[in-house]
Amino acid sequence: MNLLPVSGLTSDLRHPNGADELSLCEATGSAVSRSLTLLSRLSDRSDWSALTVTDFEVLLLQLREQVIGDVCDLGFSCPQCATRVEVSFRISDFLDGIGSRRPPGVEPVPGRSGWFRSEGVEFRLPTAGDQAAVEHSSDPLQALLERCIAPPLPPVRLRKRIERAMEALAPEVSRPLVGTCPGCDGTVSAPLHVARLVVSEFVRDAASLHDEVDLIARAYHWPEADILQLPRRRRRAYAERIRQAA
Ligand SMILES: [Zn+2]
């Protein structure tokens, strides 16, 4: 049971089984929409798209940590010399210090749940649903602000103030990772998009799923649907036992 930093909601996701992994692997669409589908499969809640982007991304990283582990290894190319740079981080460290704070002068709007007011401009915090909606926009940040600020185009000074208030209320989780290039010793950074990272890791982690189902079905003659309902760990243990026996 985890507490989400902005909403204070508790999350109680079950671990994905083979059917969930297969559904994620076969789904098309953006990483955000595939993540939302995965979350709805893993719980009784259906309104995950209403979560703020912060809570949504924290939830995805917590799930990744519980199912695959705390340490994330990422690789990217150095823009200077094209050497492969490997960056490793702990999810627990990455999420450390992410909390919600309401700056002075920012007040909730009475009777308008989830909306805040600052200097006469009203705004709400971007949600995972907003993120999915603007993903293919030519300027996603601008499109996001237009959905979440009323009126949508306040003066620049006020807009900056609201962006800072949003960041304090719901800090960004997806932020650049910084590493040192072993080729040129330069400091390099790469953007991290939490939903893309978590979806790609779950898909990669499920690479052996078909082999495991095949092995177990041949050995025990269980139907595919039953094998897919097994918890991931148990399915792997059976497959490993069959491999060793062979
Ligand atoms: Zn380099």
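Fair warning: this is a prediction, and the values are worked out from it, not measured in the lab.

### Re the nonpolar core
A general trend in soluble globular proteins is that nonpolar side chains are found buried together. Of all hydrophobic cores here, the largest spans 42 residues; its most connected members are Phe56, Leu61, Phe89 and Val173. At the level of elements, helix H2 (31–41), helix H3 (53–67), strand E3 (71–77), strand E4 (84–90), helix H4 (91–95), strand E10 (187–190) and helix H8 (194–205) are the ones that each hand at least two residues to this core. For this core, the leading source of residues is H3, giving seven residues. Leave out the neighbours within four places in its chain, and Val173 touches Thr54, Glu57, Val58, Leu61, Phe94, Leu95, Ile98 and Val194. One finds Phe123, Leu145, Leu158 and Ile162 within the second-largest nonpolar core, a separate group that totals 14 residues.

### What about the packing of aromatic side chains?
Ring pairs (aromatic) are described by centroid distance and by the angle formed between their planes. Overall, the coordinates contain five aromatic pairs when judged by the stated rule. Their ring planes at 40 degrees and their centres at 4.8 Å tell us that Tyr220 and Trp222 sit as a pair that is tilted. Given a relative accessible area of 27%, Tyr220 falls into the partly exposed group. Ring geometry for Tyr220 versus Tyr238: centroids 5.7 Å apart, planes at 80 degrees, classification edge-to-face. Linking Tyr220 in helix H9 (residues 209–220) with Tyr238 in helix H11 (residues 232–245), this pair joins segments that are 18 residues apart in sequence. Residue Tyr238 is classed as partly exposed on the basis of its relative accessible area of 27%. The cationic tip of Arg45 hangs over the ring face of Trp48; the distance from NZ or CZ to the ring centre is 4.5 Å. Over the face of the ring belonging to Trp115 we find Arg112, whose NZ or CZ atom lies 3.7 Å from the ring centre.

### Some remarks on the coordination of the zinc ion
At 2.3 to 2.4 Å from the zinc ion lie its protein donor atoms, namely Cys78 (SG), Cys81 (SG), Cys181 (SG) and Cys184 (SG). Seen from the zinc ion, its four donor atoms lie at angles of 101 to 117 degrees, and the figure they make is tetrahedral. Donor residues binding the zinc ion come from one chain and are separated in sequence as C-x2-C-x99-C-x2-C. Placement of Cys78 in the loop between E3 and E4 and of Cys184 in the loop between strand E9 (177–180) and E10 is noted, with a sequence separation of 106 residues between them.

### With respect to the sheet that holds strand E6 (residues 115–118)
On the basis of which strands lie adjacent, the open sheet formed by four strands has the order E5-E6-E7-E8 and antiparallel pairing. Since the sheet does not close on itself, it has two edges, and those belong to strand E5 (107–108) and strand E8 (149–150), each with one partner. Together, E6, strand E7 (121–124) and E8 form the strand contacts of helix H7 (residues 156–169), whose direction differs from that of E7 by roughly 35 degrees.

### Description of the layout of surface pockets
Considered as a void within the structure, the largest pocket measures approximately 730 Å³ in volume. At the level of secondary structure, the elements contributing two or more residues to the lining of the largest pocket comprise H3, helix H5 (128–134), helix H6 (140–148) and H7. At four residues, H6 tops the list of elements feeding residues into the lining of the largest pocket. Residues of the lining of the largest pocket, tallied by class, amount to 14 nonpolar, five polar and seven charged.

### Here's the deal with the side chain of Arg124
In this structure, Arg124 sits in strand E7. Within the local environment of Arg124, its side chain forms a polar contact with the side chain of Asp130, the two groups lying 2.6 Å apart. In terms of polar contacts, Arg124 uses its side chain to reach the backbone carbonyl oxygen of Arg147, at 3.4 Å. Setting aside residues up to four positions removed in sequence, Arg124 forms contacts with Gly114, Trp115, Asp130, Arg147, Cys148 and Met166.

### So, the domain arrangement of the chain
Structurally, the chain comprises domain 1 (1–96 + 192–207), domain 2 (107–169) and domain 3 (208–246). Distance from the C-alpha centre of domain 1 to the C-alpha centre of domain 3: 25 Å. Between domain 1 and domain 3, the residue contacts involve eleven residues of the former and nine residues of the latter. With both chains or domains summed, domain 1 and domain 3 bury close to 930 Å², and 43% of this area falls on carbon and sulfur atoms. Contact with domain 3 buries surface across domain 1, with Asn17, Leu22 and Asp205 losing the most and accounting together for 38% of the total. On the surface where domain 1 and domain 3 come into contact, there are three salt bridges. For Glu21, the salt bridge identified is with Arg235, shortest N-O distance 3.2 Å. For the pair domain 1 and domain 3, the number of links is ten residue pairs in polar contact (both at pLDDT 80 or more). Considering every element that reaches the side of domain 1 that touches domain 3, the biggest residue donor is helix H1 (residues 18–26), with four residues.

The rules behind each value
Residues numbered from 1 in each chain as written. Predicted model: local features only at pLDDT ≥ 70, side-chain atom pairs only at ≥ 80, totals over all residues. Heavy atoms only, no water. Core = buried A, V, L, I, M, F, W, Y, C linked by side-chain atoms within 4.5 Å. Buried < 20%, exposed > 50% of the residue type's maximum accessible area, 1.4 Å probe, protein only. Helix = DSSP H or I, 4+ residues; strand = E, 2+ residues; numbered from the N terminus. Contact = heavy atoms within 4.5 Å. Phe/Tyr/Trp six-rings, centres within 6.5 Å; stacked < 30°, edge-to-face > 60°. Lys NZ or Arg CZ within 6 Å of the ring centre and 35° of its normal. Donors = N, O, S within 2.8 Å, 3.2 Å for Na, K, Ca; no water. Tetrahedral: all angles 85-135°; square planar, octahedral: opposite > 155°, others 65-115°. Pairing = 2+ DSSP bridges. Axes fitted to C-alpha atoms, helices over the stretch in contact; angles between N-to-C directions. 1 Å grid on protein atoms, 1.4 Å probe; cavity = no way out; pocket = protein on both sides within 12 Å on 5 of 7 lines; lining within 4 Å. Points joined across faces, edges and corners; volume = space filled by probe spheres on them. Nonpolar A, V, L, I, M, F, W, Y, C, P; charged D, E, K, R; others polar. Polar contact = N/O pair within 3.5 Å; in protein donor to acceptor, adjacent residues only side chain to side chain. Domains from an automatic or database assignment. Buried area = accessible area lost by both parts, 1.4 Å probe. Salt bridge = Lys/Arg side-chain N within 4 Å of Asp/Glu carboxyl O.

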